Amino acid sequence: MTFHLQPVRVKTGSHDTEGQLVFAAGLLVAVLVRLSDDHDEDAGKWFLEAGFDGADDPVKPKFADLSEAQDWIRHRLDQH
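Bear in mind the structure is a predicted one, so any value in this text is a computation, not a measurement.

Visitor: Tell me about the sheet that holds strand 4 (residues 46-51), and name the residues and values.
Guide: Sheet strands pair by backbone hydrogen bonding; their relative direction is either parallel or antiparallel. The strand order 1-2-3-4-5 describes an open sheet built from five strands, whose pairing is antiparallel. Where the open sheet ends on each side, the last strands, each with one partner, are strand 1 (3-9) and strand 5 (62-63). One ladder, built from six bridges, connects strand 2 (residues 18-24) with strand 3 (residues 27-34); its direction is antiparallel. The residue bridging Leu 21 from the neighbouring strand is Val 31, located in strand 3. Helix 1 (residues 66-79) contacts strand 1, strand 2, strand 3, strand 4 and strand 5 of the sheet and is inclined by roughly 120° relative to strand 1.

Below you can see the structure in the form of structure tokens.
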């Protein structure tokens, strides 16, 4: 499954505004937000702000980088 990422600014109510829309097969499957310096040791990690149709999790995971996030999303979508 091929992913396409599109940079976006997200109004989260915090300093975490740098985001990426994640598309799979032309459909939006997730919104990732990069955590700001306000998050201490998690600063710079990517957070699953929203996921759709299997690419969601109530725990809202954090990822070290976009590659890790895409792998997690791919796995979730493959299971769904």
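Structure's up, so let's keep going.
Visitor: I'd like a rundown of the nonpolar core, residues and numbers included.
Guide: By size, the foremost hydrophobic cluster in this structure holds 14 residues, and its most contacted members are Phe 3, Val 22, Val 29, Leu 32, Phe 63, Ile 73 and Leu 77. The set of elements that each furnish at least two residues to this core consists of strand 2, strand 3, strand 4 and helix 1. Within the second largest apolar cluster, six residues are counted, among which are Phe 23, Val 31, Val 33 and Ala 50.

Visitor: Let's hear about the side chain of Asp 16: which residues, and what values?
Guide: Its place among the elements puts Asp 16 in the loop between strand 1 and strand 2. Among buried charged residues, Asp 16 stands out as having no salt bridge; its nearest opposite-charge side chain is Arg 34, 9.3 Å away. A polar side-chain atom of Asp 16 sits 2.8 Å from the main-chain amide nitrogen of Ser 36.

Visitor: Please provide a residue-by-residue account of unusual backbone geometry, values included.
Guide: Look at Asp 40: it is not a glycine, yet its phi comes out positive at around 50°. Among the structural elements, Asp 40 can be located in the loop between strand 3 and strand 4. Asp 40 sits in the exposed class, given a relative accessible area of 61%. Unusually for a residue other than glycine, Asp 53 sits at a positive phi of about 50°. For Asp 53, the position within the fold is in the loop between strand 4 and strand 5.

Visitor: Before we move on, could you go through a negative patch on the surface and cite the residues and values that matter?
Guide: Taken together, the side chains of Asp 37, Asp 38, Asp 40 and Glu 41 make up a negatively charged region of the molecular surface. In this structure, Asp 38 sits in the loop between strand 3 and strand 4.

Visitor: Explain the pattern of salt bridges residue by residue, including any values.
Guide: For the structure shown, the criterion picks out six salt bridges. Here Lys 60 makes a salt bridge to Asp 56, at a shortest N to O gap of 2.9 Å. Residue Lys 60 is classed as partly exposed on the basis of its relative accessible area, which comes to 25%. Counted as one network, the salt bridges with shared partners bring together Asp 42, Lys 45 and Lys 62.

The rules behind the values
- Residues numbered from 1 in each chain as written.
- Predicted model: local features only at pLDDT ≥ 70, side-chain atom pairs only at ≥ 80, totals over all residues.
- Heavy atoms only, no water.
- Pairing = 2+ DSSP bridges.
- Helix = DSSP H or I, 4+ residues; strand = E, 2+ residues; numbered from the N terminus.
- Contact = heavy atoms within 4.5 Å.
- Axes fitted to C-alpha atoms, helices over the stretch in contact; angles between N-to-C directions.
- Core = buried A, V, L, I, M, F, W, Y, C linked by side-chain atoms within 4.5 Å.
- Buried < 20%, exposed > 50% of the residue type's maximum accessible area, 1.4 Å probe, protein only.
- Lys, Arg positive; Asp, Glu negative; His and termini not counted.
- Salt bridge = Lys/Arg side-chain N within 4 Å of Asp/Glu carboxyl O.
- Polar contact = N/O pair within 3.5 Å; in protein donor to acceptor, adjacent residues only side chain to side chain.
- Patch = residues over 30% accessible without salt bridge, like charges linked within 9 Å, V, L, I, M, F, W, Y side chains within 5 Å.
- Areas by Shrake-Rupley, 256 points an atom, 1.4 Å probe, with all protein chains shown as cover.
- Charge placed at Lys NZ, Arg CZ, Asp CG, Glu CD.

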